[in-house]
Structure formats: C-alpha cells, structure tokens
Amino acid sequence: MISFWRIFWLEFTGFVRSKSLALLVAASVLWMFGLPFVMKGDGTADGARELYIHYSLGGVFTLLVIALLASATGSLAREREAKRLQLTLVRPVRYTLIILGKILAHVAAGALVLAIACTALAFKTDLARPCNHVLSPILPSPREEAKVMYESYMKDPETPEQVKRTKKEIVLRLLANRAVDRYETIQTNATATWKFRGLEGLEGLGGLAVRMRFTNQYEMRQDVCGTFSLGDLRGVVSNITQAVLTIPLTFQTSQTFQTSQTSLSFVNAGTSAVMFRPRKDINLLLPADAFGWNLIRAFVVLVAILSCVVSLGVFLSAGLGRPVAMFVAFVTLIVSEMSPSVVEQYPSELEAGLADRIGLFIARTAAEVTRPVSSLSPLEALAKDECVESAKIAKSCLADVVVLPCLLSLLAAFVLPRKQDD
C-alpha cells in the first residue's frame, strides 16, 4: 500500500511540476468569472442563471475531460517508450497498483479543479435556493408498450406492407421510440389520471407542485385551463404564453396529505383539447434541500465520471503508443457523444440502405454502451434545480469509481508486461 501512495504522489507532483494543473486552474477561474460578460440569456434572471450554471461548470468539466484524457493516454505510454517503467518496477510493485495510482492522481487533479470551479459558482449563485425531487408517472417501459402495440399494429390494414415484411426486432424498436413521445389527448371537461411512486411519508408536507409542458399536434403554445388534484391538494392552471409551467399544490379541505393518495388528476376546463406526453410533460416536484447541497452532490458525480474517462485513457496507454491511444480515446469520446443524436434524428430506419444500417448499428451500440455514464451527468438537473438523487450518486460511484477502474486496471496489468517484453 505504501508503494501505491508513492506512485500516486509521484504522478500527482509530476502533474503539478509540468504546470498543467496551474494552467487548468487559471483557465477554470477565468471561465467561471468571465462567462457572464459574454453570455446572453433569454432576458430573465432565472433563464440567465440556468444558462450560466449549465455552461460555466459544463465548460470547466469539458476542459477537464479533454486535458485529463490527453494526459492519461500518455501516462504509461511515455514511460514504456522511455524505458522508465523498469525503474519503477525495481522494487516489487504490482502492475495494478501502478495503474490505479496513476488513475487516482489524475482524478485528484481533476477533483481539485472542479472544487475550485464549484467554489466560484457558489459565489455567483444563491446557495439557499431550494431544489426538488422530480417524480415521473408510473408507466410501462417503452419496450413493454411496444410489445403490446405490435400485434394490433401488424393487423392494422393501414400499416404499410413494407413494415409488415420488416423484422420484428426493428418494428419493436420503432414502436418503442414512438412510445417515448406518445401523446395523450385530454378533451374539454375530460379528466386524465397518472399514478406516482415515492409519495410515502409526506403527511403534512407543503411545497408540492406539478411541472407541466403542454402542446398540441403542431407543437404550438395554446391556452390551457384546468385543475390538478392530488388527494386534498389542488392547483389551478391558466396560461397562454409559457410552454413550461410549475403549479403549486395547496390544501383545500384538511391540512394533511394522505399517503394512500398516489394519483394525480387533471381536469381540462379549457375550450380546446390539450395534449400531453406523460413520459416527458408531467412531473411532480417534491421539496428537497438547498442548492448548496445539490452542488456538492453534482460535484461527486462529475468526479466519478472523470474517473471513468481517466481509467479508459490509462488503459489505452498500457497497450498503445501515445498518439494512437489519444486518437482512439478521443474518437471513442466523440462517437459516444454523437451516437444518441444520430439514432434519434435519423429519418427512418426502414428507408436505410445497407451502409446506413451498419452505421446505425454502430451508433446504437455505442449509445447503449455509454448510456450508463452519459445519462448520469448532473449538469441539467443542477441547472433546473432538480435534486441529484442519492441513487444516482451511488450508481455513478460504484460503476465509475470502483468497478470500471478496477476492471480496466486488471486488463491493463495483463497487457503491460507483454508490451514491456516487446
């Protein structure tokens, strides 16, 4: 264990002596305090605040990903090429300890810069501002809904013959994509109901609210009038301008909220039908704690993601030369970031040729493999005052700080001695 900490300290001090850490700190501070002078919001204080939080911390995080990935891809490769790694191995040190020490040193440097950026953000924002837990309706998964729709869809005489001749797996995937954006139409004087999970233990809790997006089939804003109900809680909405509303729920009769009440209902009192996408447009907001605590939780998740990125870079440097390792690392990063957009925006998989189908398969595979990491980014939640949940933190730390670094260090320890022999 002493050897592990020595390797960590040598790598970290090397990062400091190269002035890389000082440059990252200086760039981060300049970005955090200089961004408001060049940023243009939507004219509202809340809009400017959301934009600043998203792009200030997001810009520093992006800079850290690029810098630490470039450094990590050369950490072992440089020592192999300069024949310095043998000097490290004069004393009995396991390869896994060398690799984990280098990973920890890079993550520590990144965490230090992120901590400075978060401190700067704390000076620019209100740390006492409340944040909320965000609950979504209980619905079948898009895949389950697609399986239910499949038989009726294939029997429908209006379904194109091209679709009926297509493989079932492709049709199910298309139906699942459609289910994500499935609209529910609420006619005038009609009522829609959604069930929620996670309302236990809320007796007497105030501050509950509904967040809703509303739209019609042409994606245009429209007049919406109606009432939300959750047990004895009521919230009235009347709007003609905003596309996203937060409606407070207040007690109308008794002053206690029954935990048995898990259904939120909406009565459309307007003059026209309202269309909601239940998976995207309806949420319950439950009071959590303050922005300061949420910032700390977001910091932990961001450091965990940095650990994932650095582990990949160090692993690649164990078996590849630095230029090749850096190329592979950045191509992997770019593909993983672009893949979800490619899959989402491609017009129709049924019209794709062979080359396009191969490209879509690669993009879809990359999106699925990297989804566990990319979906954990807390920046969007932080900017919208949504609580970064403890479950997300635990999942991120387990996957990115424990499992992935250990797995990649073992693989790198298998590759490294063979590269040394070569």
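Residues numbered from 1 in each chain as written. Predicted model: local features only at pLDDT ≥ 70, side-chain atom pairs only at ≥ 80, totals over all residues. Heavy atoms only, no water.

Draft legend 1. Broad picture of the overall build of the protein. Counting secondary structure elements, the protein contains 14 helices and 11 strands. Buried positions account for 42% of the 422 residues belonging to the protein. The contacts of the protein with a sequence gap of at least 6 include a subset with a gap of at least 24, amounting to 80%. Total accessible area on the protein is roughly 22200 Å²; 62% of this is exposed by carbon and sulfur atoms. (Helix = DSSP H or I, 4+ residues; strand = E, 2+ residues; numbered from the N terminus. Buried < 20%, exposed > 50% of the residue type's maximum accessible area, 1.4 Å probe, protein only. Contact = heavy atoms within 4.5 Å. Areas by Shrake-Rupley, 256 points an atom, 1.4 Å probe, with all protein chains shown as cover.)

Draft legend 2. Up close: the pattern of salt bridges. According to the stated counting rule, one finds 9 salt bridges in the structure shown. The salt bridge partner of Asp281 is Arg277, with a shortest N-O separation of 3.2 Å. With respect to burial, Asp281 and Arg277 carry one shared label: buried. Here Glu380 ties to Lys384 by a salt bridge, and the two come within 3.1 Å at their closest N and O atoms. Classification of Lys384 by relative accessible area gives partly exposed; the value is 30%. Connected through shared salt-bridge partners, Arg49, Arg129 and Asp385 make up one network. (Salt bridge = Lys/Arg side-chain N within 4 Å of Asp/Glu carboxyl O.)

Draft legend 3. Quick look at the sheet that holds strand E7 (residues 244–248). With respect to topology, 4 strands assemble into an open sheet ordered E1-E11-E4-E7, the strand pairing being antiparallel. Pairing within the sheet leaves two strands with one partner each, and these edge strands are strand E1 (130–135) and E7. Direction aside, the axes of adjacent strands within the sheet are offset by 35° on average. Across 5 bridges, the pairing between strand E4 (residues 209–213) and E7 is antiparallel. In the strand pairing of E7, Arg211 is matched with Thr246. Packed onto the sheet, helix H10 (residues 291–319) meets E1 and strand E11 (282–290) and runs at close to 100° relative to E11. (Pairing = 2+ DSSP bridges. Axes fitted to C-alpha atoms, helices over the stretch in contact; angles between N-to-C directions.)

Draft legend 4. Broad picture of the packing of helix H2 (residues 20–38) against helix H5 (residues 95–124). Where H2 contacts H5, the two axes come as close as 10 Å, and the packing angle between them is 20°. Viewed along their axes, H2 and H5 adopt a mutual orientation that is roughly parallel. Of the two possible hands of crossing, H2 and H5 adopt the one that is right-handed. Contacts between H2 and H5 involve Leu21, Leu24, Val25, Ser28, Val29, Met32, Phe33 and Pro36 on the former and, on the latter, Ala109, Leu112, Val113, Ile116, Ala117, Ala120, Leu121 and Lys124. Partitioning the contact of H2 with H5 into residue classes produces 14 nonpolar, 1 polar and 1 charged. (Parallel < 35°, antiparallel > 145°, perpendicular 65-115°, else oblique. Left-handed = near helix turned anticlockwise from the far one by under 90°. Nonpolar A, V, L, I, M, F, W, Y, C, P; charged D, E, K, R; others polar.)

Draft legend 5. Representation of the packing of aromatic side chains within the structure. In the structure shown here, the tally under the stated rule is 6 aromatic pairs. Seen in terms of ring centroids, Phe228 and Phe266 are 4.7 Å apart; in terms of plane orientation they differ by 40°. Their pairing is tilted. Linking Phe228 in strand E5 (residues 224–230) with Phe266 in strand E9 (residues 263–268), this pair joins segments that are 38 residues apart in sequence. Judged on exposure class, the residue Phe228 and its partner Phe266 are both buried. (Phe/Tyr/Trp six-rings, centres within 6.5 Å; stacked < 30°, edge-to-face > 60°.)

Draft legend 6. Region of interest: the side chain of Thr96. With respect to the secondary-structure elements, Thr96 resides in helix H5. Judged by its relative accessible area of 17%, Thr96 falls in the buried class. Once you skip the residues sitting within four places of it in the chain, Thr96 turns out to touch Ser409, Leu410 and Ala413.

Draft legend 7. Inspection of the environment of Ala27 at higher detail. Take Ala27: it is sitting in helix H2. When its relative accessible area of 32% is taken as the criterion, Ala27 is described as partly exposed. Measuring from C-alpha to C-alpha, the distance between Ala27 and Val113 comes to 9.7 Å, with 86 residues separating the pair along the chain.

Draft legend 8. Just unusual backbone geometry, in detail. Non-glycine residue Asn189 carries a positive phi angle of around 65°. By the secondary structure assignment, Asn189 is in the loop between strand E2 (184–186) and strand E3 (191–195). We note that Asp385 has phi near 60°; this positive angle belongs to a residue other than glycine. Along the chain, the position of Asp385 falls in the loop between helix H13 (379–383) and helix H14 (390–421). Owing to a relative accessible area of 10%, Asp385 belongs among the buried residues under this scheme.

Draft legend 9. Geometry of the environment of Lys124. Structurally, the position occupied by Lys124 is in helix H5. Separated by 92 residues in sequence, Lys124 and Met32 have C-alpha atoms that sit 9.0 Å apart. Among residues more than four places away in sequence, those in contact with Lys124 are Phe33, Pro36 and Tyr52.

Draft legend 10. Representation of H2. Here H2 contains 19 residues, and its C-alpha end-to-end distance of 26 Å stays within 8% of the 27 Å for a straight helix at 1.5 Å per residue. The axis of H2 is deflected most strongly, by about 35°, at Met32, and proline Pro36 appears within four residues downstream. (Expected span 1.5 Å × (residues − 1). Bend = angle between axes of the 7 residues up to and from the residue.)

Draft legend 11. The arrangement of the nonpolar core in detail. The biggest cluster of nonpolar side chains holds 58 residues, and the ones touching the most others in it are Leu57, Leu114 and Leu121. Looking at this core, the elements that each hand over two or more residues are helix H1 (2–17), H2, helix H3 (45–81), H5, H10, helix H11 (322–345), H13 and H14. In terms of nonpolar packing, the next biggest core, distinct from the first, is built from 23 residues, Leu135, Leu233, Leu249 and Ile282 among them. (Core = buried A, V, L, I, M, F, W, Y, C linked by side-chain atoms within 4.5 Å.)

Draft legend 12. Fine view of the packing of H5 against H10. Orientation of H5 relative to H10, taken along the N-to-C sense of each, is 150°, at an axis distance of 9 Å. On the basis of their axis angle, the class for H5 and H10 is roughly antiparallel. Seen from above, H5 lies across H10 with right-handed handedness. Residue-level inspection shows Ile99, Ile103, His106, Val107, Gly110, Ala111, Leu114, Ala115, Cys118 and Leu121 of H5 in contact with H10, the latter providing Phe291, Leu295, Phe299, Leu302, Val303, Leu306, Ser307, Val310, Ser311 and Val314. A breakdown of the residues in the contact of H5 with H10 according to their chemical character gives 16 nonpolar, 4 polar and no charged.

On their own, these measurements won't tell you what the molecule is for.
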